[in-house]
Amino acid sequence: DQQVKQNSPSLSVQEGRISILNCDYTNSMFDYFLWYKKYPAEGPTFLISISSIKDKNEDGRFTVFLNKSAKHLSLHIVPSQPGDSAVYFCAASEYTGTYKYIFGTGTRLKVLA
Amino acid sequence: EPEVTQTPSHQVTQMGQEVILRCVPISNHLYFYWYRQILGQKVEFLVSFYNNEISEKSEIFDDQFSVERPDGSNFTLKIRSTKLEDSAMYFCASSDDAPLHFGNGTRLTVT
């Protein structure tokens, strides 16, 4: 039951270039989406969110795009920095009084100096 | 910046033993969660907790699991009789809105 999928297990990008991480979901009832970054031996760190009423949200170097018709979201990081190297998870939830986030399997981003 | 703290960072236990994983959520948060990540796999939802009761739980969260907020600051996850397959990183999270804020996890090793 993979309601949230990240089909690229890894991605390598040159420093200064754009990193694009993709996420697909199947449940049309999902109405809130998050991106997390995770370093080894640490918990996931919240990066950016988007609700289903929007199609774009931007915070500094991070932008999330949501395409509801395609059930697809993406995270753009520009410019990419070596410190961005981590595993990135997307997560999606339908609000039912609380948020029960379903996480994707993660994409390991490596930013090359 | 306030953070979620979890103790211990690593817990080793024998199969069949009870373990309690502890969490101190961010103080003004009202929603509390436990997630786990088996090595190499995705982060999985276990349970959400609000207003001193379970809001939602996954199929993983069976009768061996329980949660408690005993004193208004701690939030605990108890596994009554651990199995080998319970070995995982267990993450506590709290929120006052949509984004969840995670602790650094407890690595549970069941031998």
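To start, this report covers the structure provided alongside it. Throughout, a residue's number is its position along its own chain's written sequence, starting from 1. Here chains are named by letter from A upward and ligands by number from 1 upward, in the order in which they appear as written. With the structure being a predicted model, the display of local features is reserved for residues of pLDDT at least 70 and the display and counting of side-chain atom pairs for 80 or more, all residues being used for whole-chain, interface and lining totals. Hydrogens are left out, water is left out, and the side-chain values use all remaining heavy atoms of the structure.

## Topic: the environment of Cys-92 of chain B
Residues and elements named next belong to chain B. Here a strand is any run of E in DSSP of at least two residues, a helix any run of H or I of at least four, and the numbering for each starts at the N terminus. Secondary-structure assignment places Cys-92 in strand E9 (residues 88–95). Partly exposed residues are those whose accessible area sits between 20% and 50% of the maximum for their type, while under 20% is buried and over 50% is exposed, using a 1.4 Å probe and protein chains only. Taking the relative accessible area as the measure of exposure, Cys-92 reaches 0% and is therefore buried. With 35 residues separating them in the primary sequence, Cys-92 and Lys-57 have C-alpha atoms 14 Å apart.

## What about the interface of chain A and chain B?
Contacts were defined at the residue level, with two residues in contact if any of their heavy atoms lie within 4.5 Å. With 21 residues of chain A at the interface, the matching set in chain B holds 19 residues. Summed over both sides, the interface between chain A and chain B buries roughly 1700 Å², with carbon and sulfur atoms accounting for 61% of that surface. When two parts are brought into contact, each loses some accessible area as probed by a 1.4 Å sphere; the total of that loss over both is the buried area. Among the residues chain A hides against chain B, the three largest losses belong to Thr-98, Lys-100 and Phe-103 of chain A. Together they make up 31% of the total. Any carboxyl oxygen of Asp or Glu within 4 Å of a side-chain nitrogen of Lys or Arg constitutes a salt bridge here. Between Glu-56 of chain B and Lys-100 of chain A there is a salt bridge; the shortest N-O distance is 4.0 Å. We define a polar contact as two N or O atoms separated by no more than 3.5 Å, with the added condition that, inside protein, one atom must be a possible hydrogen donor and the other a possible acceptor, whereas residues neighbouring each other in sequence contribute only through side-chain atom pairs. In this assembly, chain A and chain B are joined by six residue pairs in polar contact (both at pLDDT 80 or more).

## Brief notes about the sheet that holds strand E6 (residues 56–59) of chain A
Residue and element names in this part refer to chain A. Taken in spatial order, the five strands of this open sheet run E1-E3-E8-E7-E6, and their pairing is antiparallel. Unpaired on one side and paired on the other, strand E1 (4–5) and E6 mark the two borders of the sheet. For two strands to be treated as a pair, DSSP must find at least two bridges joining them. Here E6 pairs with strand E7 (residues 62–67) via four bridges, running antiparallel. Pairing of Lys-56 across the sheet is with Phe-65, part of E7.

By themselves, these are just geometric observations and shouldn't be taken as functional.
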